[in-house]
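# Observations on the three-dimensional arrangement
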Amino acid sequence: MKRLVVLLSAVLLLMTGCSVTVLSSVDIGSNIKTLLAEKAKIYNVYFDGYKYYVPKGLSFLNKEDYNATFLDRYGNKYYLYVDAISYYHKVENTYEENDMSHYSRKLYYNNKDGYIQIDEQEDENYIVNFMFNYAKMECYVSKRDLIFAIDNMCHILRSITFNDKVLESLIGDNVLSYQEESFNLFDTTSTKEDFLDVVSKYEGEEYSNAIDEEQIDLNNE
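First, a word on what this report is: a plain description of the structure on this page. (Residues numbered from 1 in each chain as written. Predicted model: local features only at pLDDT ≥ 70, side-chain atom pairs only at ≥ 80, totals over all residues. Heavy atoms only, no water.)

### Re helix H2 (residues 28-37)
Just so we agree on the cut-off: Note on exposure labels: buried denotes an accessible area under 20% of the residue type's maximum, exposed denotes more than 50%, and partly exposed covers the range between, all computed with a 1.4 Å probe on protein chains only. By definition, any uninterrupted DSSP run of H or I lasting at least four residues is a helix, any uninterrupted run of E lasting at least two residues is a strand, and each is numbered from the N terminus. Of all possible arcs, the one meant is that of the directions from the helix axis to the C-beta atoms.
Along H2, the residues that are buried comprise Ile-28, Asn-31, Ile-32, Leu-35 and Leu-36. All buried residues of H2 fall inside an arc of 105 degrees around its axis, so they share one side.

Quick look at the structure:
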């Protein structure tokens, strides 16, 4: 019997590959605590000044400067903004928890802070605003996919790691160009229409040089 247990454990380990926690509990707070408390150990996306991990099942739709959009296997789209400028200047988290939201919490794990705010829409779907470690993700999802989407966000946001030397050369010497109309990490007034407008902007023809799904597909990583 012991030998059987060991063999089964070995098979499960081989099937899962790298150790990546995936949770399915309806307890949002417990999921977030478990996932964000873990330190990221693997990365599969590298850009100038930062890197992160995108979990299996998500594909890049677009990448433009510090913005990216992803698509999961259920058709949900995620918008990511990595705020290297705020990281460089160590901007303080000014978020205040909102009692009117479906879920609203300030977050602090592994010397990194942020917040998550989930607001229910009139169509009974949800807008998720999730900021952690100087990066923000937004997603518009159904109740069925809510936990799955939050888990994906946790994996990406907790893994974002900045390269101080590279950012110093880019930002410190004012070589990095970025829009004056900067993204507000602490703005949680998004609606379904706002989110879809943002996603459509980064899928438009004006960003024809963006990375498409076939060029960077992490499903096979």
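### Observations concerning the pattern of salt bridges
The criterion, for reference: The rule for a salt bridge is simple: a side-chain nitrogen of Lys or Arg has to be within 4 Å of a carboxyl oxygen of Asp or Glu.
Counted by the stated rule, this structure contains three salt bridges. As a salt-bridge pair, Glu-38 and Arg-158 come within 3.0 Å of each other at their nearest N and O atoms. With Glu-38 in the loop between H2 and strand E1 (45-47) and Arg-158 in helix H4 (residues 146-159), this pair connects stretches of sequence that are 120 residues apart. The class for Glu-38 is partly exposed, based on a relative accessible area of 27%. With a shortest N-O distance of 3.7 Å, Glu-138 and Lys-136 are connected by a salt bridge. Lys-136 sits in the buried class, given a relative accessible area of 1%.

### Notes on the sheet that holds strand E2 (residues 50-52)
Counted only if it meets this: At least two bridges found by DSSP between two strands are what make those strands a pair.
Strands sit in the order E1-E2-E10 across an open sheet of three strands; the sheet is antiparallel. Of all strands in the sheet, those bounded by a partner on one side alone are E1 and strand E10 (161-162). Across three bridges, E1 lies against E2 in antiparallel orientation. Bridge pairing in E2 places Val-45 opposite Tyr-52.

### Things to note about unusual backbone geometry
At Asn-110, a position not held by glycine, the phi torsion is positive, near 55 degrees. Inspection of the secondary structure puts Asn-110 in the loop between strand E6 (103-109) and strand E7 (112-120). For Tyr-134, which is not glycine, the phi torsion reads 60 degrees and is therefore positive. Position of Tyr-134 relative to the elements: it lies in the loop between strand E8 (126-132) and strand E9 (135-141). Since its relative accessible area comes to 16%, Tyr-134 is described here as buried.

### Structural notes on the sheet that holds strand E3 (residues 59-64)
Let me state the cut-off plainly: Where helices are involved, their axes are fitted lines through C-alpha atoms of the stretch in contact, as for all axes, and angles between N-to-C directions lie from 0 to 180°. Residues count as neighbours in contact if any of their non-hydrogen atoms are within 4.5 Å of one another.
The seven strands are arranged E3-E4-E5-E9-E8-E7-E6 in an open sheet whose pairing can be described as antiparallel. The outermost strands of the open sheet, each flanked by one partner alone, are E3 and E6. Direction aside, the axes of adjacent strands within the sheet are offset by 15 degrees on average. Contacting E6, E7 and E8, H2 runs over the sheet at an angle of about 20 degrees to E6. Sheet contacts for H4: strand E4 (67-71), strand E5 (77-82), E7, E8 and E9; angle to E9, the most-contacted strand, approximately 165 degrees.

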